[in-house]
Amino acid sequence: MAKEADKLREQVKLCKVYNSDWSYKQIAEVIEITPHAFYNWLNGYYELSHRRENRLRELLSDLME
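Described in the following lines is the structure provided in the data block. If you're wondering where the values come from, they're calculated on a predicted model, not measured in any experiment. (Residues numbered from 1 in each chain as written. Predicted model: local features only at pLDDT ≥ 70, side-chain atom pairs only at ≥ 80, totals over all residues. Heavy atoms only, no water.)

### With respect to the pattern of salt bridges
Selection rule: In what follows, salt bridge is the name for a side-chain nitrogen of Lys or Arg lying within 4 Å of a carboxyl oxygen of Asp or Glu. Think of it this way: any DSSP run of H or I at least four residues long counts as a helix, any run of E at least two long counts as a strand, and we number them from the N terminus. We call a residue buried when its accessible area falls under 20% of the maximum for its residue type, exposed when it is over 50%, and partly exposed in between, using a 1.4 Å probe and counting protein chains only.
Inspection of every chain in the model, using the stated rule, returns seven salt bridges. Salt-bridge contacts for Glu32 lead to Arg51; the nearest nitrogen and oxygen are separated by 3.2 Å. Of the two residues, Glu32 is situated in the loop between α2 (24-30) and α3 (35-42) and Arg51 in helix α4 (residues 50-63); the sequence distance between them amounts to 19 residues. Assessed through its relative accessible area of 51%, Arg51 is described here as exposed. Residues joined in a network through salt bridges with shared partners are Glu4, Glu53 and Arg57.

Structure (structure tokens):
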């Protein structure tokens, strides 16, 4: 599971490069967590719930189309 989460973290970082008009704060708001919690997740301090992880995957998919 940790590899999946690390892969998702890399996808978020890559998506941010291609969508510089989106901030990490905005991404956090869409998946309904605080920006601080999102940064903690991005740094590998904890894992997202399945619901939030799925929402994040949907958002990344939409942004990368």
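On we go from here.
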